[in-house]
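Structure at a glance
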Amino acid sequence: MMTMPDVAGFSMQSSASPPLVELRHVTFGYGDRTILRDVSLTIPRGKVTALMGASGGGKTTVLRLIGGQARAQAGQVLLDGQDVGAMSQAQLYAARRRMGMLFQFGALFTDMTVFENVAFPLREHTQLSDAMVRDIVLMKLQAVGLRGARELMPSQISGGMARRVALARAMALDPEFIMYDEPFAGLDPISLGTSAQLIRELNDALGLTSIIVSHDLEETFKLADQVIILGPGVVAAQGTPDEVRASSDPLVHQFVNALAQGPVPFHVQGPSIDEDFGPGAVKKGGR
Amino acid sequence: MRWWHPADIGFALRSKAAAVGQATRLLLRLVAGLGYVLKRPGLLRDQIHFLGNYSLAIIGVSGLFVGFVLGLQGYYILQRYGSAEAVGMMVALTLLRELGPVVTALLFAGRAGTALTAEIGLMKAGEQLSAMEMMAVNPIERILAPRFWAGLIAMPLLAAVFSAVGIMGGWIVGVLMLGIDGGAFWGQMQSGVDVFQDLANGVIKSIVFGITVTFVALLQGFVAKPTPEGVSRATTRTVVMASLSVLALDFMLTAMMFSI
Amino acid sequence: MQPSKTDIWVGLFVMLGAAALVFLALRAGNLLTLDFNKGYEVTARFDNIGGLKPQAAVRSAGVKVGRVKSIGFNDQTFQADVHIELANGYAFPKDSSFKILTSGLLGDQYVGVEAGFDEKPLASGDTVTNTQSAIVLENLIGQFLYGKASESSAPKAAE
């Protein structure tokens, strides 16, 4: 593993140490829409934490806040004790070099080959020789099972493979902390199983901390050490998968059991049934 | 927007002003990106290849045909006053002062400008720019700045090629096809064209146009909505805005440069 | 750094552009006729410069021998001071005359120099007063009418 002196150095210690990421009373929104209201949660070191919740509930927002791509309007987003929102551009970039992020569809650079994609962070941030870069890239690709695809372009590989390449790229600089944005969305069962296995193995073998934002109940509950469920603007549940499954919170209950009715309504807000179908309804060209 | 509502007008004006501010900030960061670009000349070289070499065909062919037409029209008009031999000077001045920089800029906006906008817009839609940011690489320096400086360098060269090819086109039509004396063609041209007044001003114009077109293209791609319609609308906006800006700037520059 | 294939193409492109610029400057423009050597300066006083502009040519026997550097107004003599730069290779007698002429029928105005007979040549900083102003159309018409009027009155007087 490479160690580089930087401003936001993380320490890798046992899970008894303080959490790697902590959100304290964070409020965030766009315009009048509040997405997170006084949200507090912790991400323990060395574990796989799942972030779940209804669509638009703020899961991806939490990732963006941790990565410094968005700034909280109130509260603190602490990365190993340092407030991300208060960091300068240089500090932020130093912090980002210690984390990896996997975007939903991979976000590979379409004008480069698979090899060049994985080599990108190495070439940008290190002065390693071409031979060393080649070795590291091939090792990362080997870990995700795509060493043979190294000369292909992103347009030539499937979605599942693209995401694995993105994982190799996120791992290129041996980060201590990885965020996965919907790693299971749209994958076939084989790829799904493989991805989940990869996430778990990498996390344990390298002592990483992983955050997974996902909708897939089954796979995520199998994989995660800790589950956080976000309701509209608040944390509805936080605990081990079993604890969450047993929760009495109505929102959590609806979510975990995949029920159509519950705190999250089935029908979108609109005119009442009488207005649309009743005798007083004026039928004008479809509306 | 309810145009009679002061709040809506105020909001619209504020968002327009914010957009202008954002654009200015981008321009400054692109200019400041020169330091980064000089450290990574390979990126610049690749972009000059993409913007310059690939535009050469359309610029060359267009220049040739424009030269043909200028030669033809010029001959018909001038020979009525017995000054057919001045065709060379007319073609050269028209190209160097106006058509060279302007037509090249318009063609560049259509060919290279739309390619830039689409590329950046699609990168934005595919979250590639975000991914780069999360890997602690500044996408403005790494992706946008090399393209900006490549456009700035490529445009004057393309305009020079356009003018040169156009003059040759005028020569082909005037001397080879219409029988004007070759010596008079070049002689009149040399006496009428001033290196500083005409050629240098034309080069300055093409540099200004290069900055304008490339910046508009990059800006539209950068602020495009990350959807298919968003990108397509952005490319249209690039062509329209870049073309209008070039024509407006041409008028202002001409007034400044060629005033007596 | 190994020269990649793109390097070659970009190099060719830049060379092509540069060649186009050189072609334009030499063949289309007047770069070759530009004289970068400094000449010597002479000031000519005119009653009326007409449409003479700075950068206008100064010719003798039709050949360009210099250019007009700047034009100013002298409020002591109430004449125009035309500062002329003559090329170093040409020497003119001190009594040479400077006229403002028009090239062609509707062309630009330029300064024509007619050599005099003095043995001493014009030196840098000299002032020339042996000048002929530009032809002003109104004066010409006035002269014509005056001439016509005296013509018709003279035969009458002779009667």
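Rules used throughout
- Think of each chain on its own: its residues are numbered from 1, step by step along the sequence as written.
- Whichever chain is written first becomes A and whichever ligand is written first becomes 1, with later ones labelled in order.
- In view of the model being predicted, local features appear only for residues whose pLDDT reaches at least 70, and side-chain atom pairs are presented and counted only at 80 or more, with totals across whole chains, interfaces and linings using the full set of residues.
- UniProt positions are given in the numbering used here, feature names are shortened, and annotations may be inferred rather than shown by experiment.
- Working definition: helices are DSSP H or I runs of at least four residues, strands are E runs of at least two. Numbering for both runs from the N terminus.
- Any two residues are considered in contact once their C-beta atoms, placed from the backbone, lie within 7 Å.
- Ten residues, namely Ala, Val, Leu, Ile, Met, Phe, Trp, Tyr, Cys and Pro, are considered nonpolar, four, namely Asp, Glu, Lys and Arg, are considered charged, and the remaining ones, Gly among them, are considered polar.
- Whether a residue is buried, exposed or partly exposed is read from the other C-beta atoms within 10 Å of its own C-beta, which are placed from the backbone; 20 or more gives buried, 12 or fewer gives exposed, and intermediate counts give partly exposed.
- Each pair of strands is called paired provided DSSP finds at least two bridges between the two strands.
- Two axes enter the bend calculation: one fitted to the seven residues ending at the residue in question, the other to the seven starting there, and the bend is the angle between them.

UniProt marks residues 6–26 of chain C with the feature "transmembrane region" (unreviewed entry), using the numbering shown here. Secondary structure content for residues 6–26 of chain C is 100% helix and 0% strand, and the end C-alpha separation is 30 Å.

Turning our eyes to something else, we now look at the interface of chain B and chain A. Tallying the contact residues gives ten residues for chain B and 13 residues for chain A. For the side of chain B that touches chain A, the residue count by class is five nonpolar, three polar and two charged.

Moving on: the environment of G58(A). All names here are of chain A. As for its placement among the helices and strands, G58 is situated in the loop between β3 (48–53) and α1 (59–67). In this structure G58 comes out as buried when scored by C-beta crowding, with 26 C-beta atoms within 10 Å. Placed 172 residues apart in sequence, G58 and L230 show a C-alpha to C-alpha distance of 7.3 Å. Sequence-distant contacts of G58, that is, excluding residues within four places in its chain, are made with I35, L36, L230 and G233.

Listed by partner, the interface residues are 19 residues for chain C and 24 residues for chain B. Taken together, the residues of the side of chain C that touches chain B break down into 13 nonpolar, four polar and two charged.

Attention now goes to the sheet that holds strand β2 (residues 33–43) of chain A. Residues and elements named next belong to chain A. One open sheet holds the four strands; their spatial order is β2-β1-β4-β5, and the pairing between them is antiparallel. Where the open sheet ends on each side, the last strands, each with one partner, are β2 and β5 (82–83). Here five bridges tie strand β1 (residues 21–30) to strand β4 (residues 74–79), and the two strands are oriented antiparallel to one another. Bridge pairing links T27 to A74 in β4.

On to the sheet that holds strand β3 (residues 63–74) of chain C. Either a parallel or an antiparallel arrangement is found when strands of a sheet pair, and the pairing is made through backbone hydrogen bonds. All names here are of chain C. Read from one edge to the other, the open sheet built from eight strands follows the order β7-β1-β4-β3-β2-β6-β5-β8, with strand pairing classed as mixed. Lying at the two open borders of the sheet, with one neighbouring strand each, are β7 (127–128) and β8 (131–132). Relative to β7, strand β1 (residues 40–46) is paired through two bridges, and the arrangement is parallel. Across the sheet, the residue bridging to T43 is T127, located in β7.

Following the sequence through the fold, N53(B) ends up in helix α3 (residues 41–78). Accessibility expressed as a C-beta count within 10 Å gives 17 for N53(B), which makes it partly exposed. In this structure, the C-alpha to C-alpha distance between N53(B) and L158(B), residues 105 residues apart in sequence, is 9.1 Å. Discounting residues that sit within four places of it in the chain, N53(B) has contacts with W9(C), V10(C) and F13(C).

Right, let's get into helix α3 (residues 114–125) of chain A. Where α3(A) is concerned, the buried positions are V114(A), F115(A), N117(A), V118(A), A119(A), F120(A), P121(A) and L122(A). On the buried face of α3(A), the contacting elements are α4 (130–143) and α5 (159–171) of chain A.

Residue and element names in this part refer to chain A. Phi angles above zero are rare outside glycine, and D174 is one such case at about 50 degrees. Position of D174 among the secondary structure elements: in the loop between α5 and β7 (177–181). By the C-beta count within 10 Å, which is 14 here, D174 ends up partly exposed.

This part is about the pairing of strand β4 (residues 79–86) of chain C. All names here are of chain C. Across seven bridges, β1 lies against β4 in antiparallel orientation. Within β4, the position partnered with F46 by the bridge is A80. Alignment of β3 against β4, held across eight bridges, turns out to be antiparallel. Within the sheet, the bridge partner assigned to I71 lies in β4 and is V82. Between β3 and β4, which follow one another and run antiparallel, lie four residues, and F78 among them has a positive phi close to 55 degrees.

This part is about helix α4 (residues 87–125) of chain B. Along its length, α4(B) reaches its greatest deviation from straightness, about 55 degrees, at L95(B). Residue E127(B) follows α4(B) closely and has a positive phi angle near 65 degrees.

Moving on, we get to the environment of M179(A). All names here are of chain A. The topology assignment puts M179 in strand β7. When the C-alpha positions of M179 and Q76 are compared, they lie 19 Å apart, and in sequence the two are 103 residues distant. Once residues lying within four places of it in the same chain are set aside, the contact partners of M179 are L63, I66, G67, M99, M101, L102 and I211.

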